[in-house]
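Reading the structure
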Amino acid sequence: MHWLVVTGAGLLVLLGVAHALLTLTSNRTSGGMTPTDPRVQEAMGFVGGLGLAPDLETTLWRAWVGFNLSHALGMVVAGLLIGLPPLLGSGVPLENPWWLIAALVLPVTYSIVSARYWFQQPTVALSFATLLIVAGLLGSWLAA
């Protein structure tokens, strides 16, 4: 059953890498991570502070890119954290409570956040990855 966990975790890594590539190949006026409204594109280019750092001189676009890249990295790390132990070991590490917590909490949390704040495609993909991971955990637990 560990292949279900590895596949679900691999989807998390794939989604994170795709998100990073979309971010890195976008600019303020075009690309997959660029707002479609030209007024928003223009507004994201103004230099100014942010709520918690009013003296910071940056653009919303730069903050947007940083947020998206750090988010993408988080997805990749979560996928690797969940997928590598069963891939490199002898199965799902059911005896490791910290790994089990991470394997359940991270994909479920990403799925909830996606359903609440993002759009349909990542929500479907994340929900499928979560389903694979949970099914792999349950199958491994029942087989143990």
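Here's what I pulled together on the structure shown here. Just so you know, these numbers come straight off a predicted model, no measurement behind them.

The next point concerns helix α5 (residues 120-143). Since there are 3.6 residues in each turn of an α-helix, residues three or four apart along the chain are aligned in direction. Spanning 24 residues, α5 covers 34 Å between terminal C-alpha atoms, matching the ideal 34 Å at 1.5 Å per step. For α5, the full list of buried residues reads Pro-122, Thr-123, Leu-126, Ala-129, Thr-130, Leu-132, Ile-133, Gly-136, Leu-137, Gly-139 and Ser-140.

A word on the layout of surface pockets. Put simply, the largest pocket is a space of about 460 Å³. Around the largest pocket, the lining comprises 19 residues; the ones closest to its centre are His-19, Met-33, Trp-118, Phe-119 and Pro-122. Mapped by element, the contributors of at least two residues to the lining of the largest pocket are α1 (2-24), α3 (60-88) and α5. For the lining of the largest pocket, the leading source of residues is α3, giving six residues. Looking at the lining of the largest pocket residue by residue, the class counts come to 13 nonpolar, six polar and no charged.

Right, let's talk about the packing of α3 against helix α4 (residues 97-117) for a bit. Each pair of packed helices gets described by two things: the angle between the helix axes and the distance between those axes. For the pair α3 and α4, interaxial distance at closest approach is 10 Å and the crossing angle is 145°. At the point where α3 passes α4, the crossing takes the left-handed sense. The segment α3 lies against α4, with His-71, Gly-74, Met-75, Ala-78, Leu-81, Ile-82, Pro-85 and Pro-86 engaging Trp-99, Ala-102, Ala-103, Leu-106, Pro-107 and Tyr-110. A breakdown of the residues in the contact of α3 with α4 according to their chemical character gives twelve nonpolar, two polar and no charged.

Bringing the pattern of salt bridges into the picture now. Side chains that differ in sign of charge can pair as their charged atoms come close. A full pass over the atoms with the stated rule returns one salt bridge. Across the pair Arg-39 and Asp-37 runs a salt bridge, and its minimum N-O distance is 2.8 Å. We classify Asp-37 as partly exposed; its relative accessible area is 24%.

Time to look at the environment of Leu-12. Note on placement: Leu-12 falls in helix α1. If we ignore the near neighbours within four places in the chain, the residues touching Leu-12 are Met-75, Gly-79, Ile-82, Pro-107, Leu-126, Ala-129 and Ile-133.

With 21 residues, α4 should reach 30 Å at 1.5 Å per residue; the first-to-last C-alpha distance of 30 Å fits that figure. Along α4, the residues classified as buried are Trp-99, Ala-102, Ala-103, Pro-107, Tyr-110, Ser-111 and Ser-114. Taken around the axis of α4, the buried residues stretch over an arc of 130°, which confines them to a single face. For α4, the exposed residues lying more than 90 degrees away from the buried face are Trp-98, Ile-112, Ala-115, Arg-116 and Tyr-117. Where α4 is buried, its residues contact α1, α3 and α5.

Definitions and limits used
- Residues numbered from 1 in each chain as written.
- Predicted model: local features only at pLDDT ≥ 70, side-chain atom pairs only at ≥ 80, totals over all residues.
- Heavy atoms only, no water.
- Helix = DSSP H or I, 4+ residues; strand = E, 2+ residues; numbered from the N terminus.
- Expected span 1.5 Å × (residues − 1).
- Buried < 20%, exposed > 50% of the residue type's maximum accessible area, 1.4 Å probe, protein only.
- 1 Å grid on protein atoms, 1.4 Å probe; cavity = no way out; pocket = protein on both sides within 12 Å on 5 of 7 lines; lining within 4 Å.
- Points joined across faces, edges and corners; volume = space filled by probe spheres on them.
- Nonpolar A, V, L, I, M, F, W, Y, C, P; charged D, E, K, R; others polar.
- Axes fitted to C-alpha atoms, helices over the stretch in contact; angles between N-to-C directions.
- Left-handed = near helix turned anticlockwise from the far one by under 90°.
- Contact = heavy atoms within 4.5 Å.
- Salt bridge = Lys/Arg side-chain N within 4 Å of Asp/Glu carboxyl O.
- Arc of directions from axis to C-beta.

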